[in-house]
Every structure is written in structure tokens, then in C-alpha cells.
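Below are the chains, spelled out letter by letter.
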Amino acid sequence: MLPTEDKSFVSQSSPLEQRIGQALLWHGKDYEALCSTFSWKAAGRQLDGLPEGGLNIAYEAVDRHVMWNGCEKTAIRWLGKSGNCRDISYADLARDTARFASVLDHLGIEQGERVFALMGREPALYVTALGTLRRGAVFCPLFSAFGPDPIKARISIGEGAVLVTTKAFYQKKIAHIRGELPTLKHVLIVGDADDLPDDTLSFDTLLAAGDPGFPVAQTRPHDMALLHFTSGTTGKPKGAFHVHEAVLAHHVSAQYALDLRKDDIIWCTADPGWVTGTSYGIIAPLTTGATMIVDEAEFNPERWYTILQDQKVTVWYSAPTAIRMLMKAGGDLAREYDLSALRFLASVGEPLNPEAVIWSADVFGKPFHDNWWQTETGAIMIGNLAIGDIKPGSMGRPLPGIDAGIVELREDGSVREITSAGEVGELALRPGWPSMFRGYLHETARYEKCFKGGWYLSGDLAMRDTDGYYWFVGRADDMIKSSGHLIGPFEVESALVAHDAVAEAAVIGVPDERAGEVVKAFVTLHHGIEPDETTRRDILAHVRRSLGAAVAPRVIEFADELPKTRSGKIMRRLLKARELGLPEGDTSTLETFK
Ligand code: ATP
Ligand code: MG
């Protein structure tokens, strides 16, 4: 059964402060007690709902704070590339997002129409996102490094009506494909309004003339709000859409999995081009009433540590690729900074090697809490939560309200739940949580295929231990079958990374006459280490010792870099295609490969 029934989780009740107080009551509980007493309906009391009925993410994120508190508090502290800084208060955001909603209205954009954004992490991006939601239109972010083809594909699938971008991006990436985008009614250019390209409008001029009191659209909980394309790690990206009630899952999951509270300064390092950067880099921090850091610049270890120190960041949400790069830069660099304000560190996007958890505990005095979710799930589903122990190398336990399981798909098409600990199967979730995707746009059959036997099937393989913690094994597509063993790449990669010389590793299966497949590893080394035979032999011996010869890689190839998606995930399918001389498939989200 697909979860389409219209149940509202949100009811208006007590004032905000009181509800935030209720939200924090869980701090005194243990995990089991928390899960057994949790209900989405009760959690819905933490949201306001619209005064006239209905639910709108932008209202929960911005307006309600202004309603209850007046709110000159800083919502966004924006750090520009060149060292400039701008504070945007909740009241500023309310005014500007109302203005932008009125601009969309003025341009004839109706509820449900899609508004795309293509720009760096600049203030206008946040106004566009929240103003679009406020209008009742659907926000769809595009990662700014995309070239014209992936942009065209996404705007076409999403039938984008409006694109908000910059002059430079327009000239470089849009002007010559504009004629191929028939749904696009308006292109709004952020920044300098002089010499605008033909067929475009000035975002800044329109915004200045917008109505700062424009009302919030009366959206319902099940109205479409966000369209997100997946990372394209396993193939062609899919356009997953979410509805307004997703905000409830963003809001409560941030409490349990990020320990986020009203007085926090949170820095989610993900770009809003990806779902993490929207759910936890825009929505959850604001619904909580916290202050969020937005850094316009790209990754750089010194800059990152400076931000953590100077901004007194308390909650830091990042990803394994960045963490491994910080490890590569060395713990001594981190120790030069005062990072004592940090209270909670979390990671998502790829498996977090146990090495990285232990390293962070050593260097920051606090370990990274790994958590698992997908574009499709809209919010964190499994995590090493703020309560309970961290298990390094594990993704943690299901969040309250999330019913997860490990299942086996049988040949006759039925689904068996695996209840015994330690058995590998597909990670699955019982449908019905608020941020669950409600479709892949224009791909109904593909959507329906994700649901079987009353489960949503994630496409990831995992196992559960006797304490109920989940352990990532690999994506179903990346599993390696060697001499009758089913080998998950993560286990082998973690063993490789545990060697002092290794910075990053990716393993794939390559065909072998006798074994079916054997494991081949691609490895990047820490700075200053020679990629020579001695190093190779030493790494091989180390992995054989820890995993056994049957599972250890047969071959290790040194690389300068590993191919990654722009959201930082290793693209094993590309390594495999190149290894086997096969077509590379969709590489629209590829970042680098040397
Ligand atoms: P596509 O679906 O287009 O192939 P993608 O699955 O990489 O791309 P996302 O939705 O961005 O797109 O990523 C979700 C996936 O990332 C998960 O299904 C899982 O494979 C991986 N992932 C996320 N968090 C973790 C984690 N903590 N541990 C292991 N894997 C993770
Ligand atoms: Mg996926």
C-alpha cells in the first residue's frame, strides 16, 4: 500500500516556548522509553500550523518565530568568500521571503509550480528557497557546479517555471539552452541589475518592490513542497519530491540525531543543492529557532577550523569525505584552534569509517555521530543519537517514529523480514513517516517498485546487531561476490583506511575465472607517502591480517583522487566501468577524476 491517506500531524495548541520545552523533555529518557512513547501526532504539537489551518514549511521556519518573539535574533550568519560577513535576522528573513513570494505571485506563478535555483551559497538562495515555499510553489535546488546538460535535464523533468540564478551562470550555462526549456517562463538574475541579458529580470529590483507583508500560502500538509534530485551515485538521478508535512520530520530528527536546540549555532556544511543542505542546512535549524552558519567558500581545512572557532559553532553536521580530508591535513592543525564550543558532531552521506570516529574523539574531544538517510527519506532515519552510545562504524539505531528492518527479497517476489542479528539483507522502512518522498516525478513505476510487502526498500544492504544498531554493508549495486562470499565494499575500505598510509579507498569487484569476482582496491595515500611497491605490500599485508585472504583485495592501485559525486560520494560504478572498459553511464554529477 502506498502511503497516500491524508492524515495531519499538526495541531495548534500552546505557545512556542512551551512547545520547545516539551520537545526537550526527551533528554531525561532512555532510547527504548523514548521510542515506545513517541508518536508523530504528539510530536506534531511542536509545530504551529497556519493560523487559518494548513501547514507551510516557510511559516514553521520563519514566521512563527517572528510572531512569538518579534525576532531580531540572527537566523543566518553568512560568511562570504572574501572575508565579509552578513547577519540576517528572523525578521529580515520574514520580510524578504514575503517579498519574494509576492514577486512570484506578481509573475503569475501558481501554487505547485516549480522554482529552480542555480547559484552559490549566497543570501538570495535562502530567500528564494523559503519565499518559494511561502508562495506555495515547489523549490528545486540545482548544484551550482552543474553544466548545461544536467541543468537542462533537471529543469525539463521538473517542468521548471522560474529559474533564479546569477548573470555569470546565466551567460555560461543557460543562455544557449534557454530555447530548449519551453516550460521556463522567467529567469531572475541575482545581483547587479545593469546590463541584464535579454529575457531576464532583476531579482534584486523585483524583491525591493515586493510586498513585505505578503501572506503565507494556505498549503496543506500533503501539498508538494520540495523537489530534490538524488546524487546519481548508482545511475541517472531521480527527482524525488516531498510535501510540506516533511517539516515535522526535519524538526524532530534534528533534536534526536543532531541534538539541536534553540540556542545552538549550527553549521551544516552540505550545499543546499543536495537534500542534506536543505533539510538541515535551511529548514531544521530555522524551525528550531537556532542560528545557522552559511559559508560561501569551498572546503579548506584552515578556513573550516577558523569558522568553527570564531563562530563558536556548537553543532557541526558534515560528511565523511570532508572528515577524511581533515584527517589528511592532520590532527595537529586542528589542535591549533580553540574548538571548545563544539558540543555535537554528526556525519552523513557515506559510511563513516570507525577510524574517523576515533580520530575525531581524539582531536575534538567529541566523536562524530554517524547517521543514515537518503534523498528519498527526506530526513535522518537511523543515527548514533544524542542519547545512547556511539558504536564506531555503525550507522546507529532508528529514530523515534521510524520503523526500520532488514529484509530479504525472495525469488517469488515476497519479502521476508530478517529478525536474527548479524544477517545481511536490504535495509527497509515501514512507510508513513512525514518526510517520505511521495514520488519520483514522472516515474511512477520506478516509485512503486520501491515499495514491497509493506516496506520501502532502500537499495542499501545492512545488518543489525543484538543491540539494535545497524551496520552498513554496501549498496546492493556495489556488492562483490567472490568464491561464494558476499563482500561489502565498506568493510574492506575501512580496513584499508585503518592503515596509516591510506587516506581514502574504494573497492570494486572485477571478474575472475575461478572466484567469479575478486576485490580490487583504489587507494589514495596521505601527503608525503610514496606510492611504491613497499607501501603496496605493507597495505596488502595489513588488510589480509585484519580481513583474511579471501576478502582482502587481490590488487591495489594507487590513485591521486577517487571519482566522486558532487555531493562527495565515491562512484564505484565508474571505477568499475573504467576497469572493464564499459560505457560510463550518467556522469552528470561527477566531480573529479584523474
Ligand atoms: P542515487 O540514488 O542517484 O544513486 P545516492 O543514493 O548517492 O544517489 P543520496 O540520496 O544523496 O543519493 O544518498 C543516499 C545514499 O547515501 C544512501 O542510500 C546510502 O547508500 C548512502 N549513505 C548515506 N548516509 C550513509 C551512512 N551514514 N552510511 C552509509 N551510507 C550512507
Ligand atoms: Mg539512492
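Residues numbered from 1 in each chain as written. Chains lettered and ligands numbered in written order. Predicted model: local features only at pLDDT ≥ 70, side-chain atom pairs only at ≥ 80, totals over all residues. Heavy atoms only, no water.

Taking an unreviewed UniProt entry as the reference, the protein is identified by name as acetate--CoA ligase belonging to Kordiimonas lipolytica.

Within the secondary structure, Thr524 sits in strand E27 (residues 516-525). Dropping the residues within four chain positions of it, Thr524 is found in contact with Lys328, Ala501, Val502, Ala503, Glu504, Ala559, Asp560, Glu561 and Leu562. (Helix = DSSP H or I, 4+ residues; strand = E, 2+ residues; numbered from the N terminus. Contact = heavy atoms within 4.5 Å.)

Where like charges cluster on the molecular surface, the negative patch consists of Asp192, Asp194, Asp195 and Asp204. Among the secondary structure elements, Asp194 is positioned in the loop between strand E6 (186-190) and strand E7 (201-202). (Patch = residues over 30% accessible without salt bridge, like charges linked within 9 Å, V, L, I, M, F, W, Y side chains within 5 Å. Areas by Shrake-Rupley, 256 points an atom, 1.4 Å probe, with all protein chains shown as cover. Salt bridge = Lys/Arg side-chain N within 4 Å of Asp/Glu carboxyl O. Lys, Arg positive; Asp, Glu negative; His and termini not counted. Charge placed at Lys NZ, Arg CZ, Asp CG, Glu CD.)

For the rest of this paragraph, the subject is unusual backbone geometry. Generally, phi is negative for residues other than glycine and the peptide bonds are trans, each holding for most cases. Backbone geometry at Asp195 places phi at a positive 50°, although glycine is not the residue there. On the secondary structure map, Asp195 appears in the loop between E6 and E7. In the Ramachandran plot, Asp259 falls in the positive-phi region, its phi being about 55° despite a non-glycine side chain. On the secondary structure map, Asp259 appears in the loop between helix H10 (246-258) and strand E10 (265-268). For Asp259, a relative accessible area of 6% corresponds to the buried category. (Buried < 20%, exposed > 50% of the residue type's maximum accessible area, 1.4 Å probe, protein only.)

Within the secondary structure layout, Ile57 lies in helix H4 (residues 57-69). We classify Ile57 as buried; its relative accessible area is 0%. For Ile57, the contacting residues outside a window of four places in its chain are Leu133, Ala225, Leu226, Val243, His244, Val247 and Ile283.

Per the domain assignment, the segments of the protein are domain 1 (7-404) and domain 2 (482-580). For domain 1 and domain 2, the distance between their C-alpha centres works out to 34 Å. Counting residues at the interface gives 20 residues for domain 1, matched by 21 residues for domain 2. Across the domain 1 to domain 2 interface the summed buried area is about 1,700 Å²; carbon plus sulfur atoms make up 57%. By the criterion of area lost to domain 2, the three top residues of domain 1 are Thr233, Arg324 and Lys328, representing 30% of everything that side buries. Taken together, the links from domain 1 to domain 2 amount to 1 salt bridge. (Domains from an automatic or database assignment. Buried area = accessible area lost by both parts, 1.4 Å probe.)

Quick look at the packing of aromatic side chains now. Applying the stated rule across the entire model yields 26 aromatic pairs. Ring geometry for Tyr305 and Tyr337: centres 5.5 Å apart, planes at 35°, overall tilted. Within this pair, whereas Tyr305 is found in helix H12 (residues 301-310), its partner Tyr337 is found in the loop between helix H14 (331-335) and strand E13 (344-347), the two being separated by 32 residues in sequence. Measuring from ring centre to ring centre gives 5.0 Å for Phe437 and Tyr440, while their planes differ by 55°; the resulting arrangement is tilted. (Phe/Tyr/Trp six-rings, centres within 6.5 Å; stacked < 30°, edge-to-face > 60°.)

Attention shifts here to helix H18 (residues 533-547). Taking 1.5 Å per residue, 15 residues should reach 21 Å; H18 reaches 21 Å between its end C-alpha atoms and fits that length. Among all positions of H18, only Thr535, Ile539, Leu540, His542 and Val543 are buried. The buried side chains of H18 occupy one side of the element, clustering within an arc of 160° when seen end-on. Across from the buried face of H18, at angles greater than 90 degrees, the exposed residues are Thr534, Arg537 and Arg545. As for H18, its buried residues are in contact with helix H17 (489-497), strand E26 (502-512), E27 and strand E28 (555-558). One or two positions beyond H18, positive phi appears at Gly548, with a value near 95°. (Expected span 1.5 Å × (residues − 1). Arc of directions from axis to C-beta.)

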